[in-house]
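In case you want the letters, here they are:
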Amino acid sequence: MNLSINLKINQNIEIIDDEVTYKSIVQDINKDGMCISYPIHHNKPLLIHSGSVIEFYVTTERDIVKCKSVVLGKKREENINLLVLSLPEVIERVQRREYFRLPITMPIRYYGLPKDRIYTSLRDVPSGYFSRLINSVSLDISGGGIKIVSNEIHNPGEYVIISINIPQEINILCSVVRIENTEEKNKFKLALKYEGIEEKTRDKIIQFIFNKLREQSKLLR
């Protein structure tokens with residue numbers, strides 16, 4: 001496992017303190033340490049002293065990385081309050097974020113699209129189909145796809161639209177990758193791949209997964 005991290009200036013980080021998330025941005029990095037903007041939660045600054053150890057999360061293009069640093073001091077530059085930290089030590093790294101599958105059962109709605117055409121994005125889906133969504137549940141979710149329970153057989157290559165709440169409601173066009181039987185009669189597991197998904201929508205899903213992982217980490221402490 002690679003336990004290094006290549007932080008960049010203007011990179012967003014999240015600091016966890018007493019179950020509160022403070023947001024910050026990397027302002028400067030050098031061989032001796034790094035400076036971050038003063039961590040804020042709803043306009044309230046993080047109260048912390050020199051010598052304290054802080055833990056923070058960095059979401060990169062492929063990973064969610066948990067790090068720790070020592071607070072070396074505070075300073076103010078160009079009217080910005082900064083924390084000076086030691087270079088980060090990686091505590092743990094979650095596998096490539098887009099493909100990490102979070103097992104989770106949550107309500108979803110879905111509808112199998114007609115098989116007589118190809119869909120490349122939600123723009124290709126007639127709006128009337130969204131009134132036909134059927135209630136069901138998920139089994140897992142990732143940045144690249146989702147597994148759901150279906151009341152009908154949908155074969156690989158067919159298209160399905162889904163609606164999930166994470167907590168904002170989002171609609172996604174998917175294609176069926178695999179179908180599996182369940183122990184329950186007339187119930188099937190559908191492994192779905194997102195199709196034509198906007199990156200801002202994928203980012204919302206990844207952030208949802210990130211938050212759930214963080215919640216689970218707290219429960220295991």
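As a reminder, the structure under discussion sits directly above these lines.
Residues numbered from 1 in each chain as written. Predicted model: local features only at pLDDT ≥ 70, side-chain atom pairs only at ≥ 80, totals over all residues. Heavy atoms only, no water.

Draft legend 1. Up close: the pairing of strand S3 (residues 33–37). Within S3, five of the five residues are buried, which leaves the element mostly enclosed by the surrounding structure. With burial as the criterion, each face of S3 is covered, one bearing Gly 33, Cys 35 and Ser 37 and the other bearing Met 34 and Ile 36. Sheet topology note: the strand S2 (residues 20–30)/S3 ladder contains four bridges and is antiparallel. Among the inter-strand pairings, Asp 28 is bridged to a residue of S3, identified as Cys 35. Linking S2 to S3, which pair antiparallel, is a turn of two residues. (Buried < 20%, exposed > 50% of the residue type's maximum accessible area, 1.4 Å probe, protein only. Helix = DSSP H or I, 4+ residues; strand = E, 2+ residues; numbered from the N terminus. Pairing = 2+ DSSP bridges.)

Draft legend 2. Inspection of the side chain of Ser 37 at higher detail. By secondary structure assignment, the location of Ser 37 is in strand S3. In this structure, Ser 37 is in contact with Ser 24, Ile 25, Gln 27, Asn 81 and Leu 82, ignoring residues within four places of it in sequence. (Contact = heavy atoms within 4.5 Å.)

Draft legend 3. Here's a closer look at the pattern of salt bridges. Counted under the stated rule, the structure contains eleven salt bridges. Across the pair Lys 115 and Glu 158 runs a salt bridge, and its minimum N-O distance is 3.5 Å. Placement of Lys 115 in the loop between strand S11 (107–112) and strand S12 (134–141) and of Glu 158 in the loop between strand S13 (145–150) and strand S14 (159–165) is noted, with a sequence separation of 43 residues between them. A relative accessible area of 65% means that Lys 115 is categorised as exposed. Between Lys 200 and Glu 198 there is a salt bridge, with its nearest N and O atoms 3.8 Å apart. When its relative accessible area of 57% is taken as the criterion, Lys 200 is described as exposed. Here the residues in one salt-bridge network are Lys 147, Arg 178 and Glu 180, joined through shared partners. (Salt bridge = Lys/Arg side-chain N within 4 Å of Asp/Glu carboxyl O.)

Draft legend 4. Molecular detail of the packing of aromatic side chains. In this structure the tally under the stated criterion is two aromatic pairs. Ring centres of Tyr 119 and Tyr 159 lie 5.4 Å apart, and the angle between their planes is 70 degrees; on these two criteria the pair is classed as edge-to-face. Here Tyr 159 lies in strand S14 and Tyr 119 lies in the loop between S11 and S12, a separation of 40 residues in the sequence. Residue Tyr 119 shares its accessibility class with Tyr 159, and that shared class is buried. (Phe/Tyr/Trp six-rings, centres within 6.5 Å; stacked < 30°, edge-to-face > 60°.)

Draft legend 5. Fine view of unusual backbone geometry. The step from Ile 166 to Pro 167 runs through a cis peptide bond, and the omega angle for that step is -5 degrees. Relative to the elements of secondary structure, Pro 167 occurs in the loop between S14 and strand S15 (169–181). A positive phi is found at Asn 10, a non-glycine position, where the angle reads about 75 degrees. Mapped onto the secondary structure, Asn 10 falls in the segment before strand S1 (12–17). Residue class for Asn 10 comes out exposed when judged on its relative accessible area of 57%.

Draft legend 6. Molecular detail of the nonpolar core. Counting residues in hydrophobic clusters, the biggest one holds 29 residues, and the most contacted among them are Ile 141, Ile 146, Ile 162, Ile 164, Ile 172, Leu 192 and Ile 205. Listed by contribution, the elements that provide at least two residues to this core are S11, S13, S14, S15, strand S16 (188–194) and helix H1 (199–219). For this core, the leading source of residues is H1, giving five residues. Not counting chain neighbours up to four residues away, the residues in contact with Ile 146 comprise Arg 101, Ile 108, Ser 138, Asp 140, Ile 141, Ile 162, Ile 164, Leu 190, Ala 191, Leu 192 and Tyr 194. (Core = buried A, V, L, I, M, F, W, Y, C linked by side-chain atoms within 4.5 Å.)

Draft legend 7. Expanded view of a nonpolar patch on the surface. On the surface, Val 53, Val 70 and Leu 72 cluster together to form a nonpolar patch covering roughly 250 Å² of accessible area. With relative accessibility at 33%, the residue Val 70 sits in the partly exposed group. (Patch = residues over 30% accessible without salt bridge, like charges linked within 9 Å, V, L, I, M, F, W, Y side chains within 5 Å. Areas by Shrake-Rupley, 256 points an atom, 1.4 Å probe, with all protein chains shown as cover.)

Draft legend 8. Here's a closer look at the environment of Ser 142. Looking at the secondary structure, you find Ser 142 in the loop between S12 and S13. Residues Ser 142 and Phe 208, 66 residues apart in the sequence, show an inter-C-alpha distance of 9.6 Å. At 3.0 Å, the side chain of Ser 142 forms a polar contact with the backbone nitrogen of Gly 144. (Polar contact = N/O pair within 3.5 Å; in protein donor to acceptor, adjacent residues only side chain to side chain.)

Draft legend 9. Region of interest: the pairing of S2. Across six bridges, S1 lies against S2 in antiparallel orientation. Within the sheet, the bridge partner assigned to Glu 14 lies in S2 and is Lys 23.

Draft legend 10. Region of interest: the environment of Lys 187. Within the secondary structure, Lys 187 is located in the loop between S15 and S16. Owing to a relative accessible area of 25%, Lys 187 belongs among the partly exposed residues under this scheme. Taking C-alpha positions, Lys 187 is 25 Å from Gly 143, a pair spaced 44 residues apart along the chain. With residues up to four places along the chain from it excluded, the contact list for Lys 187 reads Val 149, Ser 150, Asn 151, Asn 181 and Thr 182.

By themselves these figures say nothing about function.
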